[in-house]
Amino acid sequence: MTREKLYLFDTTLRDGAQMNGVDFTLADKLAIARLLDELGVDYIEAGYPGANPTDTSFFSERRPMRAEVTAFGMTRRPGRSASNDPGLVALLDAQADAICFVAKSWDYHVRVALETTEEEMLASIRDSVRAAKAKGREVLLDCEHFFDGYKAKPAYALACAKAAYDEGARWVVLCDTNGGTLPHEVERIVGEVCAKIPGDHVGIHAHNDTEQAVANSFAAVRAGARQIQGTLNGLGERCGNANLVSIIPTLKLKSEYAGKFEIGVSDESLGRLARVSHALDELLNRAANRHAPYVGESAFATKAGIHASAIVKEPATYEHIAPERVGNRRKLLVSDQSGRSNVLAELDRIGIAIDKNDPRAARLLDEVKEREAIGYAYETADASFELLARRLLGQVPHYFDVEKFDVNVEQRNNAKGERVTVSQAVVKLKVGNDELISVAEGIGPVNALDLALRKDLGKYQSFITGLELTDYRVRILNGGTGAVTRVLIESSDETGDRWTTVGVSANIIDASFQALMDSIVYKLVKSGAPA
Ligand SMILES: [Zn+2]
């Protein structure tokens, strides 16, 4: 059976960049564009030339990609000719394969925001599409506020889409700009549009304000649309855009879509999806969402004992897809609810061979339960679990001792007379017969302690140079005077591996110290540092 082509349009670099706290440099944009191109999306919307220096320089030269590099911008301003609108001229000059115009398809916005007439808006769409076609560009029109506009005045909303299509635009894209439209409304309205404009020229651009951007995208496809716009990890203004990282595997792995549609993402690229998703978080310097569908660390994690033993026997019992298909992995959580089969399966996964009747497996389980009762969280801190297991089995060399450490926090005036708070840590280590003292200043006590600990590990220093702290989370357990602090530290290294370690104490510095130590020792074990 021949399958129909469904197009993926990524706007991480344009709409995704609207998200609070996201600020891409040119180098970031180029790196993300490469990730997207390797993934196999059809269009990469890279920005709005003329709107800011980064986007302008992105489009100042050709960026050869398999995907169509797309520039975004407005149709010509009301009351001007196409050649007399500097914004439009800059857009037409951008080094792009395609141009995506945005135009208001809600009559209310045309009157109130643009202060012009519907006729003039339609003429602007036609003129702009014509001008871009004359420049040899493929043309798309984003119909802004299409669904709200269609509900208010269907004839005008439709006329916008039709004007672009009739003028030769390759795609008209129906945007749920406010993100408030529900899937059944999307399905009905897109169906009505596709009765007038062929669905293989219709796209959907959904926002996630009711957490249904992905569902809305699929509703549009069911109704006939053949292009989905979205972003990596659902990045975007307010609650984000439709998440391509959820959409792609659904299209590839769910038979309703996989049997009917073909997309540019190969099975092999799909197998790298989790890595692509995490690479974006890395670039944004934020922790990955562990509960993200398909690619999150918890997406295939099972906790309860009876589920875990069933999963070991037959994974399909509790998994909707095989995690490897999207580059994820099955995770059996070792926690106070877990039975022996959990522990054994987890040991097996991390490559520790142990007989299932070995009494040490039972001892490890007891130890995990005891420590979790006082606040440790091994289901998250996989590296601390591995160290606990390897220590019990005598597989962790005694690398070094921390004889003592001292951390202080000082608030004072600096040379400019400004009030500043600084921290300094002093760590005294014993590595073999060598006594080492390291001093470091940090932005806070934990940062100072971390820097001092890793400053000089003597003969082991070369094994930890790639070690980096990527996330630090603190949680107060129990509350009140009996409170203890749990610290989780996420680390990564030069190979791109990431791991989490845990520390628990009534003292936050002590808890942090334990987690830092576990991270360093884990890295030494992982790097095969000799005893
Ligand atoms: Zn948008």
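Each chain has its residues counted from 1, following the order in which its sequence is written. With the structure being a predicted model, the display of local features is reserved for residues of pLDDT at least 70 and the display and counting of side-chain atom pairs for 80 or more, all residues being used for whole-chain, interface and lining totals. Computation of side-chain values: all heavy atoms of the structure, hydrogens and water removed.

Enquirer: Even after reading the chapter, I still don't get the overall build of the protein chain, so can you show me in this structure?
Expert: What the protein chain contains, in helices and strands, is 19 helices and 18 strands. Dimensions of the protein chain, computed from C-alpha atoms along their principal axes, come out at roughly 85 × 65 × 45 Å. Note on exposure labels: buried denotes an accessible area under 20% of the residue type's maximum, exposed denotes more than 50%, and partly exposed covers the range between, all computed with a 1.4 Å probe on protein chains only. Every one of the 531 residues in the protein chain was classed for burial, and the buried ones make up 53%. Taking as baseline every contact in the protein chain between residues at least 6 positions apart, the subset at least 24 positions apart corresponds to 66%. All accessible areas in this document rest on Shrake-Rupley with a 1.4 Å probe, and a residue is counted as covered only by the protein chains that are shown. Element-wise, carbon and sulfur atoms account for 49% of the exposed surface of the protein chain, whose accessible area totals about 23,300 Å². In this tally, Lys and Arg are treated as positive and Asp and Glu as negative; His is ignored, and so are the chain termini. Just so you know, the charge point we use is NZ for Lys, CZ for Arg, CG for Asp and CD for Glu. When the 64 positive and 75 negative side-chain charges of the protein chain are each reduced to one mean point, those points stand 1 Å apart. Secondary structure elements are defined from DSSP: runs of H or I of at least 4 residues count as helices, runs of E of at least 2 residues count as strands, and each element is numbered from the N terminus. Any two residues whose heavy atoms approach within 4.5 Å are treated as being in contact.

Enquirer: What am I meant to see in the nonpolar core here?
Expert: General note: in soluble globular proteins, nonpolar side chains tend to be found buried as a group. For the purposes of this section, nonpolar cores are sets of buried Ala, Val, Leu, Ile, Met, Phe, Trp, Tyr and Cys residues that join through side-chain atoms within 4.5 Å. Grouped together as the largest cluster of nonpolar side chains are 93 residues, with contacts concentrated most on Leu8, Ile125, Phe146, Val190, Val193, Ile228 and Leu251. In terms of residue count, helix H7 (residues 154-166) provides more of this core than any other element does, seven residues in total. Beyond its immediate stretch of four places on either side in the chain, Ile228 contacts Leu6, Tyr7, Leu8, Phe9, Ile204, Ser217, Val221, Leu244, Ile247 and Leu251. By size, the runner-up hydrophobic cluster in this structure holds 35 residues, among which are Ala425, Leu436, Ala448 and Val525.

Enquirer: Got a minute to help me understand unusual backbone geometry in this structure?
Expert: The phi torsion of most residues other than glycine is negative, and most of the peptide bonds are trans. Positioned with a positive phi, Asn233 is a non-glycine residue whose angle comes to about 60°. Secondary-structure assignment places Asn233 in the loop between strand S9 (227-230) and helix H10 (244-253). Phi is positive for Tyr294, which is not a glycine, with a value near 65°. You can call Tyr294 buried: its relative accessible area is 7%.

Enquirer: How should I be thinking about the pattern of salt bridges in this particular structure?
Expert: Close approach of charged atoms lets side chains of opposite charge pair. Definition used for salt bridges: Asp or Glu carboxyl oxygen within 4 Å of a side-chain nitrogen of Lys or Arg. Tallied over the full model, the rule gives 40 salt bridges. Where Asp97 meets Arg62, a salt bridge forms, and the shortest distance between an N and an O atom there is 2.6 Å. Of this pair, Asp97 sits in the loop between helix H3 (86-93) and strand S5 (98-104) while Arg62 sits in the loop between helix H2 (53-58) and strand S4 (68-74), placing them 35 residues apart in sequence. Residue Asp97 is classed as partly exposed on the basis of its relative accessible area of 23%. Residue classification places Arg62 among the partly exposed residues on the basis of a relative accessible area of 44%. When salt bridges with common partners are traced through the structure, they connect Arg76, Glu120, Asp127, Arg130 and Glu167 into a single cluster.

Enquirer: What exactly am I supposed to notice about H7 here?
Expert: Helical geometry note: an α-helix holds 3.6 residues per turn, so side chains three or four residues apart project in the same direction. Spanning 13 residues, H7 covers 18 Å between terminal C-alpha atoms, matching the ideal 18 Å at 1.5 Å per step. For H7, the set of buried residues is Tyr156, Ala157, Leu158, Cys160, Ala161, Ala163 and Ala164. Taken from the residues just after H7, Gly168 is the one with a positive phi, measuring 105°. What a helix is expected to span follows from its residue count: subtract one and scale by 1.5 Å.

Enquirer: Whenever I open this one, the sheet that holds strand S15 (residues 434-442) confuses me. Can you help?
Expert: Read from one edge of the open sheet, three strands run S13-S14-S15, paired in antiparallel fashion. Strands at the two margins of the open sheet, each flanked by one partner only, are strand S13 (401-413) and S15. Across the sheet, the mean angle from the axis of one strand to that of its neighbour is 15°, orientation sign disregarded. Pairing between two strands is assigned when DSSP locates at least 2 bridges connecting them. With nine bridges joining them, strand S14 (residues 419-431) and S15 adopt antiparallel strand pairing. Its bridge partner lying in S15, Leu429 is registered against Leu436. Fitted lines through C-alpha atoms serve as axes, helices being fitted only where they are in contact, and the angles separating the N-to-C directions of these axes extend from 0 to 180 degrees.

Enquirer: What am I meant to see in the environment of Asp355 here?
Expert: Relative to the helices and strands, Asp355 resides in the loop between helix H15 (340-349) and helix H16 (359-373). Assessed through its relative accessible area of 48%, Asp355 is described here as partly exposed.

Enquirer: How should the pairing of strand S7 (residues 171-176) be read in this particular structure?
Expert: Remember that side chains alternate between the two faces of the sheet whenever the strand is regular. Among the six residues of S7, six are classified as buried, and the element is accordingly described as predominantly covered. Burial of S7 is two-sided: the residues Trp171, Val173 and Cys175 facing one way and the residues Val172, Leu174 and Asp176 facing the other way are all buried. Direction of pairing for strand S6 (residues 138-144) relative to S7: parallel, over a ladder of four bridges. Residue Leu141 lies in a different strand from S7, and its bridge partner there is Val172. Two strands pair when backbone bridges link them, and S7 and strand S8 (residues 202-206) are joined in this way by five bridges, in the parallel orientation. Directly across from Val173, in S8, lies its bridge partner Gly203.

Enquirer: Got a minute to help me understand helix H18 (residues 445-455) in this structure?
Expert: Restricting attention to buried positions, one finds in H18 the residues Val446, Ala448, Leu449, Asp450, Ala452, Leu453 and Arg454. Structurally, H18 contributes buried residues whose contacts are with S13, S14, S15, strand S16 (468-477) and helix H19 (508-526).

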